[in-house]
Amino acid sequence: YEHNAENTRRLDPAATNLVDSYILVRSYDESYRNYVYDNTGTVAKPTDLDSVQLNNSYSGLFDYKMLSDEMVLNPGIYKLLFGAKAPLELQANFQVIKNASTTLSDTEIKSRVIDTINTYFSLDNWDFGDTFYFSELAAYIHQQLSSYISSIVLVPISSNSYFGSLFEIRCQPNEIFLSAATVDNVVVVQSVLAGINNAGVPLYQGY
């Protein structure tokens, strides 16, 4: 690179702005959800994409940047919560108290809770780097299932966790939340009282 500048001017060949873009590819999203929702153990976890693949596949995006910009394409990844496929420190069970007037069975209650949680974690409702608040999830579940449940509480599974440790969870800039909870993570109980679970985690009255 050779360039002659006047003595009164300084030459800066570097890009002025670095633009980080995060991309979640549809094919990766579908493959990953198939892996998360599979209960047969036969669906393998898809390989995460890398920046080289994205730069090759979506090089057309560079046509829309300013000349002074340098665009970096970063692969988006999922951050799993609650279920057995999530990291141990993020695994948890939902303890639910049925509404006294409901005629639904425990199995139906569990299925409806999971369906509601999955709807809450729909991709349309989240963006990269968001923060999860259990109070908002609990309010949404109550709103959708008020005729069937009267209380719900989130109980961490890890013995190193404590009650409330999962009430606020943050994402990295390239991460987006996805629930891995199944009906096995929903426990229908008569009441949620102060006590200790099998992992030594204290339980308190739920939302």
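Residues numbered from 1 in each chain as written. Predicted model: local features only at pLDDT ≥ 70, side-chain atom pairs only at ≥ 80, totals over all residues. Heavy atoms only, no water.

(A) Up close: the sheet that holds strand β9 (residues 186-189). One open sheet accounts for 3 strands, arranged β6-β4-β9; its pairing is mixed. At either margin of the open sheet sits one strand with a lone partner, and together these are β6 (149-156) and β9. In this sheet, neighbouring strand axes are inclined to one another by 25° on average, regardless of whether the strands run parallel or antiparallel. By the bridge criterion, 4 bridges tie strand β4 (residues 92-98) to β9 in an arrangement that is parallel. Bridge pairing links Gln95 to Val187 in β9. Contacts from helix α3 (residues 106-120) reach β4, β6 and β9 within the one sheet, and its direction differs from that of β9 by about 135°. Contacting β4 and β6, helix α4 (residues 134-145) crosses the sheet at an angle of about 150° to β6. (Pairing = 2+ DSSP bridges. Helix = DSSP H or I, 4+ residues; strand = E, 2+ residues; numbered from the N terminus. Axes fitted to C-alpha atoms, helices over the stretch in contact; angles between N-to-C directions. Contact = heavy atoms within 4.5 Å.)

(B) Examining α4 more closely. Look at α4: 16 Å from first C-alpha to last across 12 residues, which is about the 16 Å you get at 1.5 Å a residue. Residues of α4 that are buried include every one of Phe134, Leu137, Ala138, Ile141, His142 and Leu145, and no others. Down the axis of α4, the smallest arc covering the buried residues is 135°, so these residues share one side. On its buried face, α4 is in contact with β4, α3, β5 (131-133) and β6. (Expected span 1.5 Å × (residues − 1). Buried < 20%, exposed > 50% of the residue type's maximum accessible area, 1.4 Å probe, protein only. Arc of directions from axis to C-beta.)

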